[in-house]
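# Structure at a glance
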Amino acid sequence: MIVTFDRFPQSLKQQLDPLYFLAGTELLLLEESFTLVVSEAEARGFAEIEHVEIAQPDDWYPLLADASGRSLFAEKRLFDVRLTKNVLTSKVQTAIEEWVQESDEDTIMILRGWSWDYRFRNAAWFKSISALATTVVIEAVPTAKLSHWIRDRAQVLGLKLSDDAIAELADLTDGNLYAAQQELEKLRLIFLNEDKVVGIEELTRINWSISGAFDLVDAASNGSVNKLSTMLAAVRREGVQPLFLVGALGSQLRRYHDLACGRRTYLSANRRRVGERVIKRIGRAGLERLLVECAHLDCQQKGILRGDSWLALESILLNLAGYQNRNLETDATRLRVDYEN
């Protein structure tokens, strides 16, 4: 049975099933799905959680044998099973089916999938496992539903946001749930003891590092070199760390690269138009080169490579904007692996 993430909590309240399969591309929601199962199981007396990694088909058989037996320490057990790759062969599926048929209410197994591709929905193994398990497939939250997601998470945190504040936050994070969650956590701390609705005015008074990051990426994506240079100088003066900026930059570059490759990607209509202009300006190969340079810059920030991180970041953004006279190799001085430190 396939259940959407929105309806998954209600499904858990109704009953706990012996087998769950969690898969998808949105890691934050996958982790939340796992937490929902664990919380409901603990409320029903499951005191023992065992973590297992499955790397090859033969790893299944001792696990299933263990799950069929009784624990010396707990009557009810939950198995957290991480799949490093697709090891759901036909023989394994048959063994899992036999275990499900013989299982009782005292054992739950949660399977967490490897890198997900939406085309797996049509695969025979996926249809087979979905018939045996409660399956939750979680992909990126569509732009149209992002505001609802932010509102729900704000309510969980005890945070009241106005409609315009939610819309602003949705636009700033542009589908990045981790970034949205971090900003909600920050707002909760700021307005912890204030019983008020946080509006757009409060947001504009806060030093939004994420706003600066995405504004920089937008300026570069739109080819606004002069605006980009001014913003870079301002952000640098404010003390924003390059590592945070390169995270937002890398995230957007990956989306544009998926668009260039013809892959399915969730972008608002405006972001899609911007992405198409970027592809026309620097091409797929240019995007791939900038992604590699983002990885180099990340290594610089972590001390693996030497060089001036700010100059390297400026180089990447200017190249994204179409200004081709700078490159990472010339700006990042003494770029090498630092084995001594």
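Higher on the page you've got the structure.
So, here is what we can say about the structure in this document. (Residues numbered from 1 in each chain as written. Predicted model: local features only at pLDDT ≥ 70, side-chain atom pairs only at ≥ 80, totals over all residues. Heavy atoms only, no water.)

Attention now moves to helix α2 (residues 27-43). Taking 1.5 Å per residue as the helical rise, α2 with its 17 residues ought to reach 24 Å, and the 24 Å between its terminal C-alpha atoms agrees with that figure. Within the span of α2, buried status applies to L28, L29, L30, S33, F34, V37, V38, E40 and A41. G45 lies just past α2 and shows a positive phi near 100°. (Helix = DSSP H or I, 4+ residues; strand = E, 2+ residues; numbered from the N terminus. Expected span 1.5 Å × (residues − 1). Buried < 20%, exposed > 50% of the residue type's maximum accessible area, 1.4 Å probe, protein only.)

Let us look at the pattern of salt bridges. Tallied over the full model, the rule gives 13 salt bridges. Measuring nitrogen to oxygen at the nearest pair gives 4.0 Å for the salt bridge that ties R82 to D80. Exposure remark for D80: the relative accessible area of 1% places this residue in the buried category. Shared partners join several salt bridges into a network, and the residues in it are E31, D80, R82 and R112. (Salt bridge = Lys/Arg side-chain N within 4 Å of Asp/Glu carboxyl O.)

In this section: helix α3 (residues 60-68). Those residues of α3 lying buried are W60, L63, L64 and A67. Buried residues of α3, viewed axially, fall in a sector of 95°; they line one side. Away from the buried face of α3 by more than 90 degrees, exposed residues P62 and A65 are located. Residues of α3 that are buried make contact with β3 (48-54), β4 (77-83), α4 (90-102) and β5 (107-112). (Arc of directions from axis to C-beta. Contact = heavy atoms within 4.5 Å.)

Moving on to the sheet that holds strand β2 (residues 19-24). Pairing within the open sheet is parallel, and its six strands lie in the order β1-β6-β2-β5-β4-β3. Where the open sheet ends on each side, the last strands, each with one partner, are β1 (2-3) and β3. Contacts from α3 reach β3, β4 and β5 within the one sheet, and its direction differs from that of β4 by about 170°. Contacts from helix α5 (residues 124-132) reach β1, β2, β5 and β6 (134-138) within the one sheet, and its direction differs from that of β6 by about 125°. (Pairing = 2+ DSSP bridges. Axes fitted to C-alpha atoms, helices over the stretch in contact; angles between N-to-C directions.)

Take the packing of aromatic side chains next. For the coordinates displayed, the defined rule picks out four aromatic pairs. Taking the centre distance of 5.9 Å and the plane angle of 70° together, the rings of F8 and Y20 count as edge-to-face. Note that F8 is positioned in helix α1 (residues 8-14) and Y20 in strand β2, a separation of 12 residues in sequence. Y20 carries the same exposure label as F8, and that label is buried. Ring centres of F21 and W125 lie 6.3 Å apart, and the angle between their planes is 80°; on these two criteria the pair is classed as edge-to-face. You can see F21 sitting in strand β2 and its partner W125 sitting in helix α5, a full 104 residues away along the chain. The same class applies to F21 and to W125, which are both buried. Each member of the aromatic cluster is reached from another via a ring pair, and the members are F21, F120, W125 and F126. Stacked on the ring of F34, the Lys or Arg R112 has its end atom at 3.8 Å from the ring centre. (Phe/Tyr/Trp six-rings, centres within 6.5 Å; stacked < 30°, edge-to-face > 60°. Lys NZ or Arg CZ within 6 Å of the ring centre and 35° of its normal.)

Moving on, we come to the packing of α2 against helix α8 (residues 177-190). Running from amino to carboxyl end, α2 crosses α8 at an angle of 70°, the nearest separation of the two axes being 8 Å. Considered as vectors, α2 and α8 are oriented roughly perpendicular to each other. Here L27, L28 and L29 of α2 come into contact with α8, specifically with L177, Y178 and Q181. Class assignment for the residues of the contact of α2 with α8 results in five nonpolar, one polar and no charged. (Parallel < 35°, antiparallel > 145°, perpendicular 65-115°, else oblique. Nonpolar A, V, L, I, M, F, W, Y, C, P; charged D, E, K, R; others polar.)

Where a strand is regular, its side chains alternate between the two sheet faces. For β4, a buried count of six out of seven residues is recorded, marking the element as mostly surrounded by other parts of the structure. Sheet topology note: the β3/β4 ladder contains seven bridges and is parallel. Bridge assignment links E50 to a residue of β4, and that residue is F79. Sheet topology places β4 next to β5; six bridges connect them, and they run parallel.

Coordinates in, geometry out; function isn't part of it.
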